[in-house]
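# Architecture and fold: a report
One letter stands for each residue in the lines below.
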There are 2 protein chains.
Amino acid sequence: MNLDDLRNHITLLGQQSRAASRLVAKASTASKNKALRSAAQYIRQHSEFILEANHKDLSKAKEQGLEASFIDRLTLTANSIENMAQGLEQIALLPDPVGEITDVARRPSGIEVGKMRVPLGVIAIIYEARPNVTADAAGLCLKSGNACILRGGSEAFHSNQEIAKALHLGLREAGLPESAIQVLSTTDRAAVGELITLNHYIDVIVPRGGKGLIERIAKEATIPVIKHLDGICHVFIDRSADIKMAIAIADNAKTQRYGTCNTMETLLVHQDIAEQVLPPLVAIYTSKGVECRADSLARKIVPQMKEATEEDWLTEYLAPILSIKLVANLDEAIDHISRYGSQHTDAIITNDWNNANRFIREVDSSSVMVNASTRFADGFEYGLGAEIGISTDKLHARGPVGLEGLTNQKYVVFGHGEIRVG
Amino acid sequence: MNLDDLRNHITLLGQQSRAASRLVAKASTASKNKALRSAAQYIRQHSEFILEANHKDLSKAKEQGLEASFIDRLTLTANSIENMAQGLEQIALLPDPVGEITDVARRPSGIEVGKMRVPLGVIAIIYEARPNVTADAAGLCLKSGNACILRGGSEAFHSNQEIAKALHLGLREAGLPESAIQVLSTTDRAAVGELITLNHYIDVIVPRGGKGLIERIAKEATIPVIKHLDGICHVFIDRSADIKMAIAIADNAKTQRYGTCNTMETLLVHQDIAEQVLPPLVAIYTSKGVECRADSLARKIVPQMKEATEEDWLTEYLAPILSIKLVANLDEAIDHISRYGSQHTDAIITNDWNNANRFIREVDSSSVMVNASTRFADGFEYGLGAEIGISTDKLHARGPVGLEGLTNQKYVVFGHGEIRVG
């Protein structure tokens, strides 16, 4: 497709999505749930076709010599397809956020003013070659009353197209427009550039994937973006921490999974408790193959650790590597987090009431925690039911973004003929 | 100043603001209120200096032959200075939004998850030559725990600098950093370009002023913008409307003030009621000097109206001009608003329960009203106390933006040593 044709194609998609968004915005909860449940059934019924399509994608990816972790994310199994179907059924069970009216108050003029929760409109989601995201993201957008345009990694093209068929059958069965969920049928990379500048027809962009992709999209988009770039998460073990608790949390926050954005990347330890905490903790890390890089004070206590550089404090390893630093007090810990952190998730382990309160108040991250593992920063763990991603932006949603984050509130005014005089 | 010097200067301002933002974010309500009340007193004490500075600005503006409405907005009087001081005192009386913790719920894992309301950080406000905005905007940012950088129109330079002195004295008296409120001391236009791309140090841009300015800033900013471009507001008089009420509201929505963004620009009338509504209503408009431009159906009822063109439906007149269109039903009214409106404020006048509910639900504007004048779309009328502007964006705040719109919610997690296992 040449660029003009591509532009026309994307514009047409946008127009169709805009039209569909008005219909799904006012759709009943029952019909949205019916579409989700039917789509789940069609995913099950079509699982052989989906697996076949996935096989096609996998063959090509292996031919191209893509790496094992990439192939892993691309691979569907009977089990993961069943999970996809169940995911849609779980979204159907979540309460519908749309239409909720709150905070209605009578004003001196006589009008009653409240807020109504409403969908955002048309959401474009740009993600990597992970076919399960196609069903998840579409389900969340539909339940929250939004139309969506999905652009998955081109390596998952056939899988995504096959999943889209099941989603469309579900929409049709519920009497909802198929264009409420559009899965891009072109693998042209230029399509992303067109999508992220289609201001008239798309309200929000949600990029998911590597930092490079997200940075590029945030820079070039002329439409608001919900995103997170880095997850440089900290755990600060305060002087008054329960040692056993501190070790268990610091272990869990780093080693439960290495590749997730809510994994701890830097451990801060109060210097007065470091001699009790560091030796056993580093022994655990070493036994699990975690490389520790520490500042000179920490290395006085555990000399076999490598020396950390300035670069380490700024790095999201997403790997079995951890940077460790001793601090003299809470202020130094907060200063470090504010300077090097990514405003994602940071935790304090403490028994000091005042320090816990100060940490929660003064650390400006989307999730701040007391005496819990950073790994809890997650839509399911927070009770959102599901999440479309985690936002480290300052506007709109911060932290895990679920159904509520895909909506907003508008003002509703109930009058009785009031006119303004002042 | 050459561009490098300017860039260094703006970067330094940004760094100072970022540092100050951490201090005002954790400042007590009492100290923020003290700063506001002291600043109000200093504004009163310094009123002669402020008037003198304003006189200097006015002389120059008149020399340059700037138009009367511009001079009007630039002019300060003893009275408007007293209003400025009282505005700050009123902000001191508003409840402090920062630190509110809500929605705390226990999760199966044992952690308790809630939300805490927190400031946005550093807010840059770019506005026209209206010196009263300097005090208002600074007061709202301070009360909501944000640092701000203010860039008013260069024609108000001396006035703004003098007001800034009073604000700084207030901050100093409360023990808060003066750099929490920075008023740009350069009138260089390139400064705006630097401000709106200072991602590391500024979290949000709030442009206020003409559409051209706002469009340019929205296009060039690499920082999220809270804005509104147009106020193409509609009133739809439904078939079942109370005729007297409909006429009173349609009169008020257009003629109470012509230049405000919540003024009605297009009147939609159900064709079945048009013969009863239009003749008396157009007579009122005509008596007040409002030019009516109507579609052919409406002109059959009141032939002396001019013919409206496609362009009229898309125009925010901000003047005594009104476009009028007859519609066959609610759907046609909603379609028109969705096609030509600006998602600002739209009202229905009706006695039909179902139509009122559909209008409220289906019209995707920041304010939707039943049986009230669009002129009520305002922070004061809604009970926000004050507003920094009105947002027609889809993300973050919609409608009048008060203290709450200058904050956001982060997640707080209260644990007892929980680690994640699943």
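Everything below is about the structure shown above.
Summary of the structure given here. Bear in mind that the values here come from a model prediction, so they are computed numbers and not experimental data. (Residues numbered from 1 in each chain as written. Chains lettered and ligands numbered in written order. Predicted model: local features only at pLDDT ≥ 70, side-chain atom pairs only at ≥ 80, totals over all residues.)

Of the regular secondary structure elements, chain A holds 15 helices and 16 strands. The C-alpha radius of gyration computed for chain A amounts to 24 Å, which stays within 12% of the reference 22 Å derived for 422 residues, consistent with globular compactness. With respect to the three principal axes, the spread of C-alpha positions in chain A is 70 × 65 × 40 Å. Expressed as a percentage of the 422 residues in chain A, the buried residues total 54%. Pairs at least 24 residues apart make up 72% of the contacts formed inside chain A by residues separated by at least 6 positions. (Helix = DSSP H or I, 4+ residues; strand = E, 2+ residues; numbered from the N terminus. Rg over C-alpha atoms; globule rule 2.2 N^0.38 Å. Buried ≥ 20, exposed ≤ 12 C-beta atoms within 10 Å, placed from the backbone. Contact = placed C-beta atoms within 7 Å.)

Another point: the nonpolar core. Ile-43 and Ile-205 of chain A together with Ile-43 and Ile-205 of chain B are the most contacted members of the largest nonpolar core, which has 266 residues in total. The contacts of Ile-205 of chain A, once residues within four sequence positions are left out, are Ala-124, Ile-126, Ile-196, Ile-217, Ala-221, Ile-223 and Val-225 of chain A. (Core = buried A, V, L, I, M, F, W, Y, C linked by C-beta atoms within 7 Å.)

Let us look at the interface of chain B and chain A. You'll often see interface size given as the accessible area lost when the parts meet. On the side of chain A, 58 residues touch chain B, which itself brings 57 residues to the contact. When residues of the side of chain B that touches chain A are traced back to their parent elements, those giving at least two are strand S2 (112–119), helix H10 (243–255), helix H15 (353–362), strand S13 (367–372) and strand S16 (407–418) of chain B. Counted by class, the side of chain B that touches chain A contains 24 nonpolar, 19 polar and 14 charged residues. As judged from the five bridges shared by strand S16 (residues 407–418) of chain A and S13 of chain B, these two strands associate in the parallel manner. Looking across to S13 of chain B, one finds that Tyr-411 of chain A is bridged to Ser-367 of chain B. (Nonpolar A, V, L, I, M, F, W, Y, C, P; charged D, E, K, R; others polar. Pairing = 2+ DSSP bridges.)

One open sheet holds the 10 strands; their spatial order is S1(A)-S2(A)-S16(A)-S13(B)-S12(B)-S7(B)-S8(B)-S11(B)-S9(B)-S10(B), and the pairing between them is mixed. In this open sheet, the two edge strands, each paired with only one partner strand, are strand S1 (101–106) of chain A together with strand S10 (306–307) of chain B. Bridge analysis of strand S12 (residues 345–349) of chain B against S13 of chain B gives four bridges, and the strand direction is parallel. Bridge pairing in S13 of chain B links Ile-348 of chain B to Val-370 of chain B. Strands strand S7 (233–237), strand S8 (264–270), strand S9 (291–294) and strand S11 (321–327) of chain B of the sheet are contacted by helix H11 (residues 274–287) of chain B, whose axis makes an angle of about 155° with S8 of chain B. (Axes fitted to C-alpha atoms, helices over the stretch in contact; angles between N-to-C directions.)

Another point: the sheet that holds strand S3 (residues 122–126) of chain B. Residues and elements named next belong to chain B. If you walk across this open sheet you meet the four strands as S5-S4-S3-S6, and the pairing is parallel. Each edge of the open sheet carries a strand with a single partner, namely strand S5 (181–183) and strand S6 (204–207). The sheet shows a mean angle of 15° between the axes of neighbouring strands, direction not considered. The pairing of S3 with S6 spans four bridges and is parallel. Among the inter-strand pairings, Ile-125 is bridged to a residue of S6, identified as Val-206.

So, on to the pairing of strand S3 (residues 122–126) of chain A. All names here are of chain A. Burial of S3 is extensive: five of the five residues sit out of reach of the surface. Sheet topology places S3 next to strand S4 (residues 147–151); five bridges connect them, and they run parallel. From the neighbouring strand, Ile-126 faces S4, where its bridge partner is Arg-151. In terms of handedness, the path from S3 via helix H6 (residues 131–143) over to S4 forms a crossover that is right-handed. (Right-handed = clockwise from strand over helix to strand, strands pointing away.)

A few words now on the relation of the copies chain B and chain A. Mapping chain B onto chain A calls for a screw motion: a turn of 180° about the axis and a shift of 0.0 Å along it, with 0.0 Å RMSD after fitting. The superposition of one copy onto the other is thereby described by a two-fold rotation axis. Distance from the rotation axis, computed per C-alpha, reaches its smallest value in chain B at His-396 of chain B: 1.9 Å. (Least-squares fit on C-alpha atoms with pLDDT ≥ 70 in both.)

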